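Read off the chains here:
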Amino acid sequence: MPRPKIAFVGSGGAARGIAHLGVLKACEELGVLPDIFVGASAGAMLGATYGQDIPLDVLMDGFRPPWRRRHDGPRLSVSTFLGAPSLSQLVDPGYLASGAFSLDKLERYVARTLPINDFRQLPHPVYITAVDLDSARRVVFGPGYEDRVPISQAVAASCCVPGIFRPYKIGDRYFVDGEVARTLSADLAVEAGADVVIISNIYRPEIDPSAKRSVAQRGPARVLTQTLNILLTEKERRGVELLSRMYPRVTFLDIAPDIGKFSYLNRFAARSLVLRGYRTALRVLAESKRKGLFDDRRPEAIVN
């Protein structure tokens, strides 16, 4: 029988999203290759690159120390996200005050870097989500939705964390991070025909029973990180439970690496993030493969 159609859904999470690369490394090693990609923020960046067959090692290479790099591929740095305001933004004080930085610099970098910047030409369906700030609705960029917007602009819109970045303008509309409306958009994967949906979720809270000090005693940054992780993990869990009831024929594999102690801005922890994503995914996927999940189109529902 033909193998099931597999979708990869990547959450956001800024630098913590590097763990998605480890999840995909496990997918490749086990021959569990996604056909569909869905993402917001960091997950959007992943879908825009790996979803058009940029090799995983090339993507991982961008986070290696300079002396260990082997490829000339995408290399996101903090400065890529810290765009200065344009002239039109300077003359609009209300908009200028809506965020600290512009994402125009990121959009230009992504446009230069991507081999393909058109959703309609991609080898695999890629769906990127953002939120229209004025209508308060989720907007989907990708085949069958708003597919005439360049991928680079969709990525910039999806990466727009409110307060840090000014809402990203496309045409006459303003967009912010897609996870403002939904932590995950796994429903898009189901609508695209997925039989198995691999969810790479990096919002797992830090839980360490052996810790000598409470998270509350480690400063405001750790408290904020833990709070966000609890909030977003709960939203994600409820979303997966609802989708499992709505689509009983579809299997949802929830891969949540234990990376709760890492900051959203710590890209220097790339090796640890990749390894944690890889090990968790290898365990979940190997177990599912032993059960024959990827061998036919009617897999038993499994939620991890």
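Because the structure is a prediction, the values reported are computed rather than measured.

### Some words on the pattern of salt bridges
Stage number 1. Scanning the entire structure with this criterion turns up 13 salt bridges.
Stage number 2. Linking Arg238 and Glu234 is a salt bridge whose minimum nitrogen-to-oxygen distance equals 2.8 Å. Separated by four residues within a single helix, Arg238 and Glu234 lie in helix H10 (residues 220–246), roughly one turn from each other.
Stage number 3. Note on Arg238: relative accessible area 53%, which makes it exposed.
Stage number 4. Ionic contacts of the salt-bridge type, sharing partners, join the residues Glu234, Arg237, Arg238 and Glu241 into one network.

### Some remarks on the pairing of strand E4 (residues 126–132)
Stage number 1. The element E4 is extensively covered by neighbouring structure, given that seven of its seven residues are classed as buried.
Stage number 2. Burial along E4 is two-sided: Val126, Ile128, Ala130 and Asp132 and Tyr127, Thr129 and Val131, pointing in opposite directions, are all buried.
Stage number 3. In this structure, strand E2 (residues 36–39) lies alongside E4, joined through three bridges in parallel fashion. Pairing of Gly39 across the sheet is with Ile128, part of E4.
Stage number 4. For E4 and strand E5 (residues 137–141), the ladder comprises five bridges, and the chain directions are antiparallel. Opposite Val131, over in E5, you have Arg138 as the bridge partner.
Stage number 5. Connecting the antiparallel pair E4 and E5 is a turn made up of four residues, with Ala136 showing a positive phi of about 60°.
Stage number 6. Looking at chain direction, E4 and strand E8 (residues 173–177) are connected through three bridges and run antiparallel.

### Some remarks on the packing of helix H1 (residues 19–29) against helix H11 (residues 270–290)
Packed helix pairs are characterised by how far apart their axes lie and by the angle those axes make with each other.
Stage number 1. Direction vectors running N to C along H1 and H11 enclose 40°, while the axes themselves pass 6 Å from each other. Taken as axis vectors, H1 and H11 run oblique relative to one another. Every pair of crossing elements has a handedness; the one defined by H1 and H11 is right-handed. The segment H1 lies against H11, with Ala19, Leu21, Gly22, Val23, Lys25, Ala26, Cys27 and Glu29 engaging Leu273, Val274, Gly277, Tyr278, Ala281, Leu282 and Leu285.

### Topic: empty space enclosed by the protein
If a probe the size of a water molecule is rolled over the atoms, the empty space left behind becomes visible.
Stage number 1. What the rule picks out here adds up to one cavity of 30 Å³ or more.
Stage number 2. Taken together, the elements giving at least two residues each to the lining of the largest cavity come down to strand E1 (6–10) and E2.

### Topic: H11
Side chains three or four residues apart in an α-helix point the same way, a direct result of the helix having 3.6 residues per turn.
Stage number 1. For H11, which comprises 21 residues, the first-to-last C-alpha distance of 30 Å matches the rise-based estimate of 30 Å (1.5 Å per residue) to within 8%.
Stage number 2. When H11 is considered as a whole, its buried residues turn out to be Ala270, Leu273, Val274, Gly277, Thr280, Ala281, Val284, Leu285 and Ser288. Down the axis, H11 shows its buried residues gathered within 145° of arc, on one side only. The exposed residues of H11 that point more than 90 degrees off its buried face are Arg271, Arg279, Arg283 and Arg290.
Stage number 3. At its buried positions, H11 is contacted by H1, helix H3 (56–61), strand E9 (196–200) and strand E10 (251–255).
Stage number 4. Remark: Gly292 follows H11 within two positions and exhibits a positive phi of approximately 80°.

### A short note on the pairing of E9
Stage number 1. Counting buried residues in E9 gives five out of five residues, a clear majority hidden from the surface.
Stage number 2. Residues of E9 alternate between two faces, with Val196, Ile198 and Ser200 on one and Val197 and Ile199 on the opposite face, all of them buried.
Stage number 3. Across five bridges, the pairing between E9 and E10 is parallel. Opposite Val197, over in E10, you have Phe252 as the bridge partner.
Stage number 4. Traced from E9 through H10 to E10, the parallel crossover comes out right-handed.

### Points about the layout of surface pockets
Stage number 1. Its boundaries defined by the atoms lining it, the largest pocket holds a volume of some 1,300 Å³.
Stage number 2. Forming the walls of the largest pocket are 47 residues, and the residues nearest its centre are Gly13, Ala14, Ala15, Ser41 and Tyr264.
Stage number 3. When contributions to the lining of the largest pocket are tallied by element, the ones reaching two or more residues are H1, helix H2 (42–50), helix H4 (78–81), helix H7 (104–113), strand E6 (163–165) and H10.
Stage number 4. Broken down by element, the residue count for the lining of the largest pocket peaks at seven residues, all from H10.
Stage number 5. Its volume calculated, the second largest pocket comes out at about 470 Å³.
Stage number 6. Phe63, Arg64, Arg68, Ala270 and Arg271 are, among the 18 residues lining the second largest pocket, the residues nearest its centre.
Stage number 7. Looking at the lining of the second largest pocket, the elements that each hand over two or more residues are H1 and H11.
Stage number 8. Per element, the largest residue contribution to the lining of the second largest pocket is five residues, and it comes from H11.
Stage number 9. When its residues are assigned to classes, the lining of the second largest pocket shows 11 nonpolar, no polar and seven charged.

Thresholds, definitions, all that
Residues numbered from 1 in each chain as written. Predicted model: local features only at pLDDT ≥ 70, side-chain atom pairs only at ≥ 80, totals over all residues. Heavy atoms only, no water. Salt bridge = Lys/Arg side-chain N within 4 Å of Asp/Glu carboxyl O. Helix = DSSP H or I, 4+ residues; strand = E, 2+ residues; numbered from the N terminus. Buried < 20%, exposed > 50% of the residue type's maximum accessible area, 1.4 Å probe, protein only. Pairing = 2+ DSSP bridges. Axes fitted to C-alpha atoms, helices over the stretch in contact; angles between N-to-C directions. Parallel < 35°, antiparallel > 145°, perpendicular 65-115°, else oblique. Left-handed = near helix turned anticlockwise from the far one by under 90°. Contact = heavy atoms within 4.5 Å. 1 Å grid on protein atoms, 1.4 Å probe; cavity = no way out; pocket = protein on both sides within 12 Å on 5 of 7 lines; lining within 4 Å. Points joined across faces, edges and corners; volume = space filled by probe spheres on them. Expected span 1.5 Å × (residues − 1). Arc of directions from axis to C-beta. Right-handed = clockwise from strand over helix to strand, strands pointing away. Nonpolar A, V, L, I, M, F, W, Y, C, P; charged D, E, K, R; others polar.

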